[in-house]
Amino acid sequence: MSRTALEAEPDDKPPPEDDHAFFGQPKGLLTLSGLEVWERFSFLGMQAILVLYFADTVAHGGMGMSSGTAASVSAAYGTLVYLVSVAGGWLADRVLGSYRALLWGGILIACGHYAMAVPTPTTTWVGLGLISAGTGLLKPNVATMVGKLYRTDDDRRDAGFALYYMAINIGAFAGPLITGWLGDHEGWHWGFSAAAVGMTFGLIQYVAGRRHLAGRRNTAEFALAPDALRRAVRLVVVGILAAAVLATGLALAGWLTMGRFVDLLTVISVIAPVVYFTVMFTSPRVTPAERGRLRPYIVLFLASTVFNFILFQAYSTMMLLAASNAETTILGFDFPASWYASALGAFEVGLAPVVAALWVRMGRSQPHASNKIAIGVVLGGLSFLLMVLPTSGHTGDAYRMSAWWIVGSYFLLGLGDILLETSGMSATTKLAPAAFSSQTMSLWFLSLALANGIQAQTVKLYDDVSKPAYFGVNGAVAVAAGLAVMAAAPWLRRTMHPVH
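Remember, predicted model here, so these are calculated numbers, not experimental data.

Conventions and cut-offs
Within each chain, residue numbers correspond to sequence positions counted from 1 in written order. With the structure being a predicted model, the display of local features is reserved for residues of pLDDT at least 70 and the display and counting of side-chain atom pairs for 80 or more, all residues being used for whole-chain, interface and lining totals. No hydrogens and no water enter the side-chain calculation; it runs on all heavy atoms of the structure. Only runs of H or I of at least four residues qualify as helices and only runs of E of at least two qualify as strands under DSSP, and these elements are numbered from the N terminus. Burial here depends on accessible area, computed with a 1.4 Å probe over protein chains only, as a share of the maximum for the residue type. Under 20% is buried, over 50% is exposed, and the range in between is partly exposed. Between two residues, a contact is recorded if the distance between any of their heavy atoms is within 4.5 Å. Shrake-Rupley sampling with a 1.4 Å probe provides the accessible areas, and residues are treated as covered by the protein chains on show and by no other component. The salt bridge definition used is simple: a Lys or Arg side-chain nitrogen within 4 Å of an Asp or Glu carboxyl oxygen. Cavity and pocket criteria rest on a 1 Å grid covering protein atoms alone: a 1.4 Å probe that fits but cannot get out defines a cavity, protein on both sides within 12 Å along at least 5 of 7 lines defines an open pocket, and an atom within 4 Å of a point defines a lining residue. Grid points are joined across faces, edges and corners, and a volume is the space filled by probe spheres set on the points. Only Asp, Glu, Lys and Arg are considered charged, only Ala, Val, Leu, Ile, Met, Phe, Trp, Tyr, Cys and Pro nonpolar, and every remaining residue, Gly among them, polar. Under the pairing criterion, centres of Phe, Tyr and Trp rings, with the six-membered ring standing for Trp, must be within 6.5 Å; the plane angle then separates stacked pairs below 30 degrees from edge-to-face pairs above 60, leaving the rest tilted.

## Quick look at the overall build of the protein
Broken down by element type, the protein carries 18 helices and two strands. Looking at the 500 residues of the protein, the share that counts as buried comes to 55%. Counting contacts in the protein only where the partners sit at least 6 residues apart, residues at least 24 apart contribute 83% of the total. Of the roughly 19,800 Å² of accessible surface on the protein, a fraction of 70% belongs to carbon and sulfur atoms.

See the structure below:
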């Protein structure tokens, strides 16, 4: 379709008949869910084998890192992905618009996976950089576009986000199955190739279904004035070039090592949300009512950080534990260790429609969003506390636990993820100040950056402390954080209106 034809579409809204066309939800939910199915297929399919690729020997096609270093570098990559989401939200709000931000983000992600398919260390790092940039454009804006499909007081909203989350976890389930089998049987870079093909499919269906989307205009909703835009572009380009030159110089001088780069990302992940909250609280474009709703959002932000600190280890320490100490046979069927990551996606696919139906059935009597989030954090902590049992009482590291322990841990983690992420993303789109809509979604993803930044430091202890101590302490902290959010529920209910 031509640009002229796109601009001629009235009011930038989907056809009226779309409103209940997808299981009682807007048809645009199908298009956005389809994009996320393939984005999660590629992203989590790659992530399921990334830490194993880092930890594998060079002779076997890996990077030859220790387990703790491999987990730390993998977490640092996740930190970078979600830090870049701040720029992605700003570009969508001020320059590109949400539709084009998603499109260009998907293109960068696909190019990154194709680069990682080339079996050299250089193309691996280039590919991870491209995927980080692309995911930063895509992730904060796709959830915002889902929110635009609903009115603020639409009771279908949480159920719609639950269906959206179920759909994208189809990709989370299928991705590790394909990439894991290819990585185990053909080589790691064959697994990365499958991720590239998956993202290409996602882009095709996204463009094909664009007429069903709200917010697909060709200009940004809060576009910069032409002079300000030119100034911003110059500053961005100069900043990127200066950072590249500085990083290259420091690396050549031997100062910017991989370990120091990981530490730098952790520091930035702590500073960035503090700065961002400060900017939003002091902005003249944020009304007093909107500013009041940002205060309880800080609690949700911290809850998300604690839960995702546990969740992201499903693809790092849990994956390393599965590869070294878990059986890879269930009912006589042998499988790669990376397939455990698919169990998490499978549980979320199966449980999400049950949760969605429950919320629809309960209507206004369903638990408040803060309580859903608190329960999710507690379940995340319990998933780690469960791992204390099979890892205790061993004199060495040569033991093998039953596969069902890790499956059970992922069941708790998957249910917690559904409760926290769907309610958290839905609440974010409701609490967001109008002038910071996509950028507030970026702030939610900064909680994921902070979780990864903290994880990048703590996983360094994975090789140095006992497994029961590692999983027990992390799990206990998460359970305590969830109980604290429950205790704050009365204040959160008063201050989070119109969230219920």
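## Some remarks on the pattern of salt bridges
Scanning the entire structure with this criterion turns up two salt bridges. Put simply, Arg40 and Glu39 hold a salt bridge, and the shortest N to O gap is 2.7 Å. This pair shows no difference in class: Arg40 is buried, exactly as Glu39 is. Here Asp263 makes a salt bridge to Lys460, at a shortest N to O gap of 3.0 Å. You can see Asp263 sitting in helix H9 (residues 258-282) and its partner Lys460 sitting in the loop between helix H16 (437-458) and helix H17 (467-487), a full 197 residues away along the chain.

## A word on empty space enclosed by the protein
Here the structure, examined in full by the defined rule, presents three cavities of 30 Å³ or more. In terms of lining, the largest cavity is formed by 25 residues, of which the most central are Arg40, Tyr82, Tyr165, Leu311 and Asp417. Elements with a contribution of two residues or more to the lining of the largest cavity: helix H2 (28-55), helix H6 (157-185), helix H10 (288-311), helix H12 (340-362), helix H15 (403-431) and H16. Among the residues making up the lining of the largest cavity, the classes are represented as 15 nonpolar, four polar and six charged.

## A look at the layout of surface pockets
Empty space within the largest pocket amounts to approximately 1,700 Å³. Lining the largest pocket are 39 residues, with Leu80, Val84, Gly129, Ile240 and Ala243 sitting closest to its centre. Every element with two or more residues in the lining of the largest pocket is listed here: helix H3 (67-96), helix H4 (98-116), helix H5 (121-147), helix H8 (226-252) and H9. The element that contributes the greatest number of residues to the lining of the largest pocket is H8, accounting for twelve residues. When the residues that make up the lining of the largest pocket are grouped by side-chain class, the tally is 32 nonpolar, seven polar and no charged.

## What to know about the packing of aromatic side chains
Evaluation of the coordinates by the stated rule reveals 15 aromatic pairs. Note on Tyr53 and Phe54: the rings are 5.8 Å apart at their centroids and 35° apart in plane angle, and the pair reads as tilted. No difference in accessibility class separates Tyr53 from Phe54, as the two residues are buried. Between Tyr53 and Phe192, the ring centres sit 5.4 Å apart and the planes meet at 85°, which makes this aromatic pair edge-to-face. With Tyr53 in helix H2 and Phe192 in helix H7 (residues 188-208), this residue pair connects regions lying 139 residues apart in the sequence. Taken individually, Tyr53 and Phe192 each receive the classification buried, so the pair is uniform in this respect. Members of the aromatic cluster, connected to one another through ring pairs, are Tyr53, Phe54, Trp125 and Phe192.

The values are spatial; any link to function lies outside them.
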